[in-house]
Each structure stands twice: as structure tokens, then as C-alpha cells.
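Results of the structural survey
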Amino acid sequence: MSLEIKNFTVELRKDNASSINVTDDLYLKVDEGEVVSVVGESGSGKSFLGLSILRLNPSHISNIISGEVKIRCKSQNEEIDIMKLEPEKLIGVRGRLISMIFQDPNTSLNPVMKIGEQITEAILAHKKIPKKEAKDIAISYLDSMNIDGKSRFASYPYELSGGMRQRVMIAMAMVLNPCFLIADEPTTALDVTTSLQVLKLIGNIRKKSNIGVIFITHDLTIAKSISDRTYVFYAGHVMESGNTEDLINNPMHPYTFSLIKSVPSLSADYVPKQKLFTIPGFLKKDDFSKGKCRFYSRCFKRDDECLRDIPLKSFTDSGQEARYVRCIKVNNV
Ligand SMILES: Nc1ncnc2c1ncn2[C@@H]1O[C@H](COP(=O)(O)OP(=O)(O)O)[C@@H](O)[C@H]1O
Ligand code: SF4
Ligand SMILES: [Mg+2]
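Residues numbered from 1 in each chain as written. Chains lettered and ligands numbered in written order. Predicted model: local features only at pLDDT ≥ 70, side-chain atom pairs only at ≥ 80, totals over all residues. Heavy atoms only, no water.

Brief notes about the pairing of strand β8 (residues 212-217)
We count it as follows: Only protein chains enter the calculation, and the probe is 1.4 Å; a residue is then buried if its accessible area is under 20% of its type maximum, exposed if over 50%, and partly exposed in between. The way it works is that DSSP assigns letters per residue, a run of H or I at least four long becomes a helix, a run of E at least two long becomes a strand, and they are numbered from the N terminus. Whether two strands pair comes down to DSSP finding at least two bridges between them.
The buried fraction of β8 is high, at 6 of 6 residues. With burial as the criterion, each face of β8 is covered, one bearing Gly212, Ile214 and Ile216 and the other bearing Val213, Phe215 and Thr217. Where strand β7 (residues 180-184) lies against β8, 5 bridges are found, and the strand directions are parallel. If you follow Asp184 over to β8, its bridge partner there is Ile216.

Right, dumping it as C-alpha cells:
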């Protein structure tokens, strides 16, 4: 069972005359039971990528230029390329083969519909079973998310806490037993304690159902706690990918290095009370342009050689898992 994305390029139309590739020449793979993180700062294109995988970005702003998103799902006995599906077949794939937990549960749940009915509706959209049976399944999934399904079935989203709403979203994403889950910053809107509970739940789901998870986050400490492998993403490009622990212990790309250095608990050379390290400047629309390294404007190692498109290269040492890095000066970060 695996999800493999190859040569995936999706453009965002800025206006009639111009566009940028917010996902550019992407390669990403998730195996059965594996959690991979997509880490990058706000605006780097993480949500756009998640939505593009499910072809959920509206067609008036986004256009898939190239690539494949192949899902091999043993439990459902299916193998498909989402990019090749007829639009009317997409609805039968979303939720059943691959699900997504959206960034903000407050805007993703229907505010005027009882939560139990929202989950029941999702089940009935895919399964021809009696409504009573679907309702029982919805209750059992709420129970599995530590929400009392019977008493909370008729609650409206506004009657629940933020953490409960996020767990309802997870129940809804899991209710059709998908092979893959995309979790888009599912803990961003939550306090630290609730966030830990949600992370634990996702970890338990992975163990119990053996599904593959793409976990989108801006937080490397979360990536470290939850994922087997990590893809570091900046302005639509994978900058570095590899085993999460190796990548954090030995970053090869200046962006990964800088991200780690700006998180005191991950940075080996942090001295208490010293001024925190920050990456200069901020991510701009121009960083998505072609003809230069996308991290150029903020990189401490840049020079004129970086003013060209930079390919992703493999730096696999013997015995180690493959590391891919998109930088021409990798050896002395
Ligand atoms: N629907 C949209 N309309 C216009 N611009 C968008 C839309 N979705 C994404 N973008 C732009 O694409 C870039 C990436 O956004 P996004 O994927 O939301 O970033 P992230 O999730 O990493 O914070 C941003 O510059 C954002 O403004
Ligand atoms: S290619 Fe150049 S600008 Fe880009 S990360 Fe490497 S050193 Fe920095
Ligand atoms: Mg986002």
C-alpha cells in the first residue's frame, strides 16, 4: 500500500496574465503505516498542496500542469491515479481512499447541522446501508475519539470545545476507513494540552489502522514527535527530505538548518538567555519565481551561482536512508 506523488506541478493564477507554481515538481511518497511530515513556514504552499492532492482547489484559481498522484490501497483492493480520474469519480475517492483533516475545524464543520448527522451523512454518501446502521457507526467513531457519541450526537459544533470539534473532524475523516490521511495543521488552533491529545489520537489511529499519514505542520518539534520522514517545503519546492531524526540531527540545507536553529529546544548550540535566532526577511510571492533558488533572498550562503533553477539531488550515504537536498552548496552547512 502506498501513495506516490511524482512530477507534481500545480499553478495558482494570480490574475489573467500571471501565475506561480505553488506546488512545483514535487516528489513525495507515503507507505502503509508511515507518517511523513510536510514542514514549512506560513505561506509556503502546504495547504495548497494538500488540497491539490485531492483536487479540491477551485479551478478558476488553480491549474494542474503535470504529475501523478498514485494510490495503491490493499484494503480497498484499488490502484488509481487521482490526477487521471474523471471529475465525477473524485467524490467516490475522497474520504474512502484518502481523507483530509482541514486546518480550521471552526470553518470546516457545518455550523447549523448536528455533528452526528454530519458524520452519518458522510457515511451514507459512500455506503448503501440503513440510516440506523450509519448512525450507530457515527456514534462508535465519536466514542473512539473520546467523545460520548450517544449524548453528543445531537450537539451543534458551537456547543463543543475547539479540541472536541477537531476530534469530530478526525472521526469524520476516519469513518470510511481510508488508506491515507492528510492532516493539515490539525493542532494549530488548539492549546498545548489539547494539541497533545489530538497528536496522540492521530498516532493511535496510525498504529491501529496502519494507514499512511501526510502530516502538514509549520512546527518542526511536532514533526519530530510524530513523523518517520520529513519533507521540508519552501515556496512550493521540497528543499530537503529524509528520515526525520537524521534530518534534524544533521540538516544539510541552509533552510532546514535555519529552521532548526530558530527552535531553541531543537538547536544543539542554544545558550539560555541568548537572543533567539530568526531567519531574516519573510516569504514573498517573488520567492516562487523561476530562475533562482527559492530561498535565495533569505539564505546566509547565497551567491551569484544560486541565480538559476536548483535541482533536488540525492545524498544517500551507504547504509542510510536517502536524503534529498535542493542546494548547490550542501557540504559545509
Ligand atoms: N485560494 C487562494 N487564492 C489566492 N491565493 C491563494 C489561495 N490559496 C493559496 N494561495 C496563496 O498560495 C500561497 C500558499 O498558501 P498556503 O498553501 O495556504 O500556505 P501554507 O498552508 O503553507 O501556509 C500563499 O501565497 C497564498 O496566498
Ligand atoms: S542554492 Fe544557494 S541560495 Fe539556495 S539554499 Fe543553497 S546556498 Fe542558499
Ligand atoms: Mg496552511
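Comments concerning the sheet that holds strand β5 (residues 78-81)
Counted only if it meets this: Every angle, taken between N-to-C directions, lies between 0 and 180 degrees, and every axis is a line fitted to C-alpha atoms, over only the stretch in contact when it is a helix. Between two residues, a contact is recorded if the distance between any of their heavy atoms is within 4.5 Å.
The strand order across the open sheet formed by 4 strands is β2-β1-β4-β5, and the pairing between neighbours is antiparallel. Each edge of the open sheet is held by one strand with a lone partner, namely β2 (19-31) and β5. Averaged over all neighbouring strand pairs, the angle between strand axes comes to 10 degrees, with direction disregarded. Sheet topology note: the strand β4 (residues 62-73)/β5 ladder contains 4 bridges and is antiparallel. Residue Ile71 lies in a different strand from β5, and its bridge partner there is Ile80. Docked against the sheet, helix α1 (residues 46-53) engages β1 (2-13), β2 and β4, running at close to 115 degrees with respect to β1.

Section: the state of the cysteines
Cut-off, in case you're wondering: Our working definition of a disulfide is a cysteine sulfur pair at a distance within 2.5 Å.
All told, the structure shown has 1 disulfide when counted by the stated rule. Disulfide pairing is shown between Cys73 and Cys179; the S-S distance is 1.6 Å. Across the S-S bond of Cys73 and Cys179 the torsion is about 55 degrees, and the bridge reads as right-handed. Placement of Cys73 in strand β4 and of Cys179 in the loop between α7 (162-174) and β7 is noted, with a sequence separation of 106 residues between them.

Let's talk about the site of ligand 1
Here is the rule: The criterion for a residue being near a molecule or strand is simple. One of its heavy atoms has to lie within 4 Å of it. Polar contacts, as counted here, are pairs of nitrogen or oxygen atoms within 3.5 Å of one another; within protein the pair requires one atom able to donate a hydrogen and one able to accept it, and residues that are adjacent in sequence qualify only if both atoms are side-chain atoms. Computed with the Shrake-Rupley method and a 1.4 Å probe, the accessible areas treat only the protein chains shown as cover for residues.
Contacts to ligand 1 come from Leu12, Val22, Glu41, Ser42, Gly43, Ser44, Gly45, Lys46, Ser47, Phe48, Ile61 and Lys285. Contacts to ligand 1 include Lys46, whose side-chain N or O atom sits 2.8 Å from an oxygen atom. Protein chains shield 64% of the accessible area of ligand 1, which is 560 Å² for the free molecule. Residue contributions to the shell around ligand 1 peak at 3 residues, all from α1.

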